[in-house]
Amino acid sequence: MPDTITDFAAIRRPVAEARGLPNPHYTDPARHARERDRLFFDTWAGLAVAADVPEPGDARPVDYLGVPLLLIRGRDGAVRVFQNICRHRGMILVAEPRRIEGAIRCPYHSWCYGTDGRLVATPHVGGPGMNTHEAIDKATLGLIEARSHVWRDVVWVNLSGDAPPFEEVHANLIARWTDFDRALHHGGAESRFTLDVNCNWKLAVENYCESYHLPWVHPGLNAYSRLEDHYNIEAPGLYSGQGSTLYRQIRGADGATFPDFPALPAYWDTAAEYVALYPNVLLGVHRDHAFTIILQPVSQGRTVEHIHLYYATDDTAPELRAANAAQWKTVFEEDIFVVEGMQAGRSAPGFDGGRFSPAMDGPTHCFHDWVAGRLAGVP
Ligand code: FES
Ligand SMILES: [Fe+2]
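Residues numbered from 1 in each chain as written. Chains lettered and ligands numbered in written order. Predicted model: local features only at pLDDT ≥ 70, side-chain atom pairs only at ≥ 80, totals over all residues. Heavy atoms only, no water.

1. Digging into the environment of Asp179
Here is step 1 of the chain: As for its placement among the helices and strands, Asp179 is situated in the loop between helix H5 (171-176) and strand S11 (185-186).
Here is step 2 of the chain: In sequence terms Asp179 and Gly114 are 65 residues apart; their C-alpha atoms lie 38 Å from each other.
Here is step 3 of the chain: Ignoring any residue separated from it by four or fewer positions in sequence, one finds Asp179 in contact with Leu264, Pro265 and Trp268.
Here is step 4 of the chain: A polar contact of 2.7 Å, which involves the side chain of Asp179, links it to the side chain of Trp268. (Helix = DSSP H or I, 4+ residues; strand = E, 2+ residues; numbered from the N terminus. Contact = heavy atoms within 4.5 Å. Polar contact = N/O pair within 3.5 Å; in protein donor to acceptor, adjacent residues only side chain to side chain.)

Pasting the structure below:
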C-alpha cells in the first residue's frame, strides 16, 4: 500500500535533489510508533552502557520506547537484558536501580529469579506451605531475555530477535575504528550526565551528523577546529558523521594531558571522528578519550541524551576529567536550542522536509535515506 504521508522516493534521491523527512515523522505519535518497530526493535539499538551496572548483581530498569526492560550484571559477570516483568502476573520486578542481593524477588507474590533469569522460587504456588505445583514448570518460566550485545561498552539490543549478528551488521564501523578497539575505562560520576531535550530523537542524530553548524552554534569549538578542518563520513545504511583533522587535547594547568589509547597510528595524533550509528547511538573517538551518547526517545517530541566519557586508563586526573566533561557538556548544551527550534519548526504546515546543502548535508541525508529505506521496507 503506498504511503500517503511520505514520498520515500523523494527522500532517497541524490542529496542535491532530495527532500528531508516531512513533519509527521517528528510530530505524529503513529509515525513514532512505526519508527519504533522498524528503526529500533528490528535493528540493533543502544539501550544503556555496561558501566551502568558495574558490579555483579547490579540491576537497572530501563524504559525502552515503552517496553520495560531490565539491565543486569549476573553473578558470572555477564551483562544481560530481560523484560522487567514477572512471569506470574506480569508485575514490574525492579522499579529503581539497585544491587540485587540473592535473587530478584517479585514484590507481588514473591516469585524469585536468579540474576541469570532462572525462576528459582515460587512460594505457596501449590497452596499454603506448598512451594511447587505440577502445572508450574520452573524451567520454562524464567525471565524473557532480550537479545543483546556489548560493543564499546554500549549494550545494544535487538528486540525482534531476528537481526543478523551485531558484528556482522556493523562490521564496517568495527573495521574503521579497529585502532580504537581498546579497553575503555568509564570516567566515573562526573563523566556521566543526561540532557533532557524537547525534540524528536532524529533531530539529535541529524544535528550530530554535520559540522556545517559549527561556526555559529559552537564558536568556542570553532576557534581551534574550523569548518575547513572537517570531513564528511557516510556509510549508507549504517552510520554517518564527521571527522576533524585538528583535534587538540585538553591540558591541565600544569600542561598535563590524558594518556593516549595504546598503539594508535600517527593519523590520530590530530584527528578525531564523530559518527551516529543508526538508529540512536552517537559516538566520538579521540587519541585520549571517547564519548558515547545514547538517545532515549521518550515520545515523538522528547528525547533524553545519556552521555558517558571514557579514558584509556582507570587513573586519570579527576580535575582534568571534570574539565573535559564540562567542556563537552557546554558543546552539547549549545546544540539544544537548534534541535528544539527545528522541532518547533515542524509544526509549520508549509515545511516540506527542506533542502540539503549537497556539500555539507550529505551525512544527514544519508541518515534520512536509511530511515526512509527501512520504513518503506527496502533498506
Ligand atoms: S506477579 Fe510476580 S509473583 Fe505474582
Ligand atoms: Fe553541534
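2. Overview of the sheet that holds strand S7 (residues 112-113)
Here is step 1 of the chain: The sheet built from 3 strands is open, its strands ordered S6-S7-S8 with antiparallel pairing. Pairing within the sheet leaves two strands with one partner each, and these edge strands are strand S6 (104-105) and strand S8 (119-121).
Here is step 2 of the chain: In this sheet, S7 lies alongside S6 in antiparallel orientation, the contact comprising 2 bridges. Considered in S7, the bridge of Arg105 is made with Cys112. (Pairing = 2+ DSSP bridges.)

3. Let's talk about the coordination of the iron ion (ligand 2)
Here is step 1 of the chain: Looking at the metal site, the iron ion (ligand 2) is ligated by His213 (NE2), His218 (NE2), Asp335 (OD) and Asp335 (OD), spaced 2.1 to 2.6 Å from it.
Here is step 2 of the chain: One can describe the site at the iron ion (ligand 2) as irregular: its 4 donor atoms subtend angles covering 55 to 147 degrees at the metal.
Here is step 3 of the chain: Within one chain, the residues donating to the iron ion (ligand 2) are spaced in sequence as H-x4-H-x116-D. Comparing His213 with His218 shows no difference in burial state: the two are buried. (Donors = N, O, S within 2.8 Å, 3.2 Å for Na, K, Ca; no water. Tetrahedral: all angles 85-135°; square planar, octahedral: opposite > 155°, others 65-115°. Buried < 20%, exposed > 50% of the residue type's maximum accessible area, 1.4 Å probe, protein only.)

4. Let's talk about the nonpolar core
Generally speaking, soluble globular proteins have nonpolar side chains that are buried together.
Here is step 1 of the chain: Judged by nonpolar contacts, the single largest core of 62 residues is most densely connected at Tyr64 and Phe332.
Here is step 2 of the chain: Not counting chain neighbours up to four residues away, the residues in contact with Phe332 comprise Phe193, Leu195, Phe291, Ile293 and Ile307.
Here is step 3 of the chain: Ranked by size, the runner-up nonpolar core spans 28 residues in total, among them Phe180, Ala271, Leu277 and Leu283. (Core = buried A, V, L, I, M, F, W, Y, C linked by side-chain atoms within 4.5 Å.)

5. A look at helix H3 (residues 29-41)
Here is step 1 of the chain: At Glu35, H3 shows its largest bend, some 30 degrees.
Here is step 2 of the chain: Buried within H3 we find Arg31, His32, Glu35, Leu39, Phe40 and Phe41.
Here is step 3 of the chain: Near the N-terminus of H3, the side chain that reaches the backbone nitrogen of Ala30, with its oxygen 2.9 Å away, is that of Asp28. (Bend = angle between axes of the 7 residues up to and from the residue.)

6. Topic: the side chain of Asn207
Here is step 1 of the chain: Counting through the fold element by element, Asn207 comes out in helix H6 (residues 201-209).
Here is step 2 of the chain: Look past the residues within four positions of Asn207 in its chain and what remains in contact with it is His213, Asp335, Val338 and Val339.

7. Considerations on the pattern of salt bridges
Here is step 1 of the chain: Scanning all chains against the criterion turns up 17 salt bridges.
Here is step 2 of the chain: Here Arg12 ties to Asp369 by a salt bridge, and the two come within 2.9 Å at their closest N and O atoms. Linking Arg12 in the loop between helix H1 (8-11) and helix H2 (24-27) with Asp369 in helix H11 (residues 362-376), this pair joins segments that are 357 residues apart in sequence.
Here is step 3 of the chain: With a relative accessible area of 30%, Arg12 lands in the partly exposed category.
Here is step 4 of the chain: Residue Asp37 is joined to Arg36 by a salt bridge in which the shortest nitrogen-to-oxygen separation is 3.2 Å.
Here is step 5 of the chain: Judged by relative accessible area, which is 27%, Arg36 ranks as partly exposed. (Salt bridge = Lys/Arg side-chain N within 4 Å of Asp/Glu carboxyl O.)

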